[in-house]
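# Chains, contacts and geometry: an overview
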Amino acid sequence: MLNQMTSGAKDGLDLQGDVAFATHAHPAPTTAAARAALIANPGFGRVFSDNMAMIRYSEAKGWHDAQIGPRTPFQIDPAAGVLHYAQEIFEGLKAYRLPDGGTALFRPDANARRFRASAERMAMQPLPEALFLESVRRLVKCDREWIPMIDGGSLYLRPFMIATEVFLGVKPSTEYVFAVIASSAGAYFKGGAPAVSLWVSQDYSRAAPGGTGAAKCGGNYAAGLMAQADATRRGHDQVLFLDAVERRWIEELGGMNIFFVFDDGSLRTPPLGGTILAGITRDSIITLARDRGLVVDERPYAIDDCRADAESGRLVEAFACGTAAVVTPIGKMALGDVTFTIGSGGPGQITQSIGQSLVEIQRGLAPDPYGWVDRID
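Reference entry: report on the structure contained in this document. (Residues numbered from 1 in each chain as written. Predicted model: local features only at pLDDT ≥ 70, side-chain atom pairs only at ≥ 80, totals over all residues. Heavy atoms only, no water.)

Taking 1.5 Å of rise per residue, 15 residues should cover 21 Å, and helix α4 (residues 129-143) covers 21 Å from first to last C-alpha, within 8% of that figure. Along α4, the residues that are buried comprise Leu-131, Phe-132, Leu-133, Glu-134, Ser-135, Val-136, Arg-138, Leu-139, Val-140, Lys-141, Cys-142 and Asp-143. (Helix = DSSP H or I, 4+ residues; strand = E, 2+ residues; numbered from the N terminus. Expected span 1.5 Å × (residues − 1). Buried < 20%, exposed > 50% of the residue type's maximum accessible area, 1.4 Å probe, protein only.)

This is the structure in structure tokens:
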């Protein structure tokens, strides 16, 4: 049985497998009034809850020193491996408030599996999936009051792991810190635009075959920041990356997967193959669409074909998807000096319908035939 943890609880200790979890009370938790003001309009990624989860790893002790306690800055040696060789991975998932007042996560087991796969690709010590899940669930139980009571409100959870061994040799670290922090979340995109505009980058690549594109590591996102800044300067919301070899095939956005909807009702999304992140929202949408009887092709789509299909009317909708924004309609794309509109330039019927179905399952507003919703209290 899990402990019911709040910021005012006494220190406690119980076990997950062979790893003991300690719970430390926050010495000065945020008052209810101050918290209400912070989460009334939190935006995304700016408002953080009181507490965090943390587990350490060393070759001598294995995974140990698991705890839930006050969110505090790290003290890290200047020679820590993460600062020099970028051994770092992370995940993103959300906790939702259910209609009956309970709390749930959406497919956290899939995040745990992907986190393990990312660690293996980055030559890091894999965290047992049970410890990942336990850490996330305990933190949500502790800080559930940070879930905003606003339309679309959620608690965004950021599990991450960094290399902490003190050394300057090029090798995998032998010491790591795994942690989970939580952030009150509202809308991801600002401005309330009905659809976003994409700049197709022809100068920068996100990932190459044999690289780390399928791992959720910070380096992938750092590599895309210049391209995103380029898109923003040109007046677009997001960057769209092409493959690194031919600069022809659509891959993904700076932080989201992409889908296309055609006039026959079929969908297409670029296939996984080592250069694209295996999005959990992407996988959920494929399942929902196929269960509706829609054809979903996971196969390459050339940017020139995309433009031609949009101009001919064959391509009627496009949308991006990911944990943070869930489903975001795409209205326009810019390729060089040519800008083309997709469908009506706004949200399409299939985009809206699938997005709504997914959100309703996540928030407990519709039946969950897939076992995706993980209720934790």
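Enumeration according to the criterion identifies 19 salt bridges in this entry. Glu-298 is the partner of Arg-282 in a salt bridge, and the nearest nitrogen-oxygen pair spans 2.8 Å. Separated by 16 residues along the polypeptide, Arg-282 in helix α6 (residues 280-291) and Glu-298 in strand β16 (residues 296-298) bring together distant segments of the chain. A salt bridge links Arg-314 to Asp-309; the shortest N-O distance between them is 3.0 Å. Arg-314 gets classed as partly exposed once you look at its relative accessible area, which sits at 33%. (Salt bridge = Lys/Arg side-chain N within 4 Å of Asp/Glu carboxyl O.)

Position of Leu-198 relative to the elements: it lies in strand β11 (residues 196-201). Note: C-alpha distance between Leu-198 and His-236 (38 residues apart in sequence) is 5.6 Å. Filtering out sequence-adjacent residues up to four positions away, Leu-198 remains in contact with His-236, Gln-238, Leu-240, Leu-253, Ile-258, Ile-330, Lys-332, Met-333 and Ala-334. (Contact = heavy atoms within 4.5 Å.)

Bringing helix α8 (residues 349-362) into the picture now. Since the α-helix turns once every 3.6 residues, residues separated by three or four places project in the same direction. Taking 1.5 Å of rise per residue, 14 residues should cover 20 Å, and α8 covers 20 Å from first to last C-alpha, within 8% of that figure. Within the span of α8, buried status applies to Ile-350, Thr-351, Ile-354, Gly-355, Leu-358, Ile-361 and Gln-362. With its buried residues spanning 130 degrees around the axis, α8 presents them on a single face. (Arc of directions from axis to C-beta.)

So, about the packing of aromatic side chains. Applying the stated rule across the entire model yields 14 aromatic pairs. Each ring, one from Phe-132 and one from Phe-178, has its centre 6.1 Å from the other, and the planes form 40 degrees; the classification is tilted. Separated by 46 residues along the polypeptide, Phe-132 in helix α4 and Phe-178 in strand β10 (residues 175-185) bring together distant segments of the chain. A residue is classified by how much of its surface remains accessible, and Phe-178, at 0% relative accessible area, is buried. Measuring from ring centre to ring centre gives 5.1 Å for Phe-259 and Phe-319, while their planes differ by 10 degrees; the resulting arrangement is stacked. Of this pair, Phe-259 sits in strand β14 (residues 257-262) while Phe-319 is found in strand β17 (residues 315-322), placing the two residues 60 residues apart along the sequence. Each residue in the set Tyr-57, Trp-63 and Tyr-176 is aromatic and connected to the rest through ring pairs, giving one cluster. The positively charged end of Lys-171 is found above the aromatic ring belonging to Phe-167, 4.5 Å away from the centroid. (Phe/Tyr/Trp six-rings, centres within 6.5 Å; stacked < 30°, edge-to-face > 60°. Lys NZ or Arg CZ within 6 Å of the ring centre and 35° of its normal.)

We now examine the pairing of strand β2 (residues 19-23). Summarising burial for β2: 4 of the 5 residues are buried, a large majority. By the bridge criterion, 3 bridges tie β2 to strand β5 (residues 62-70) in an arrangement that is parallel. In the sheet register, Ala-22 faces β5, and the bridge partner there is Gln-67. (Pairing = 2+ DSSP bridges.)

Another point: unusual backbone geometry. Glycine aside, residues mostly have negative phi, and peptide bonds are mostly found in the trans state. Phi angles above zero are rare outside glycine, and Arg-107 is one such case at about 50 degrees. Positive phi outside glycine occurs at Ala-123, with the angle close to 60 degrees. Residue class for Ala-123 comes out partly exposed when judged on its relative accessible area of 39%.

Turning next to the packing of helix α3 (residues 108-121) against α4. One way to put it is that α3 packs onto α4 with a least axis distance of 9 Å and a crossing angle of 130 degrees. Compared by their axis directions, α3 and α4 come out oblique. The way α3 lies across α4 gives a crossing that is right-handed. Each of Pro-108, Asp-109, Asn-111, Ala-112, Arg-113, Phe-115 and Arg-116 in α3 lies in contact with α4, whose residues at this interface are Glu-129, Phe-132 and Leu-133. Taken together, the residues of the contact of α3 with α4 break down into 5 nonpolar, 1 polar and 4 charged. (Axes fitted to C-alpha atoms, helices over the stretch in contact; angles between N-to-C directions. Parallel < 35°, antiparallel > 145°, perpendicular 65-115°, else oblique. Left-handed = near helix turned anticlockwise from the far one by under 90°. Nonpolar A, V, L, I, M, F, W, Y, C, P; charged D, E, K, R; others polar.)

For the rest of this paragraph, the subject is the packing of α6 against α8. Interaxial distance between α6 and α8 falls to 10 Å at its minimum, and their mutual angle equals 110 degrees. Between α6 and α8, the crossing angle belongs to the class labelled roughly perpendicular. For the pair α6 and α8, the crossing hand works out as right-handed. Across from Thr-281, Ser-284, Ile-285, Leu-288 and Ala-289 in α6, the residues of α8 making contact are Ile-354, Leu-358 and Ile-361. Partitioned by chemical class, the residues of the contact of α6 with α8 number 6 nonpolar, 2 polar and no charged.

By size, the foremost hydrophobic cluster in this structure holds 50 residues, and its most contacted members are Trp-63, Phe-132, Leu-157, Met-161 and Phe-178. Setting aside its immediate chain neighbours within four residues, Trp-63 contacts Val-19, Ile-55, Arg-56, Tyr-57, Gln-125, Pro-126, Leu-127, Pro-128, Leu-131, Met-161 and Phe-178. In this structure, Val-196, Leu-198, Phe-262 and Tyr-301 belong to the second largest nonpolar core, which totals 24 residues. (Core = buried A, V, L, I, M, F, W, Y, C linked by side-chain atoms within 4.5 Å.)

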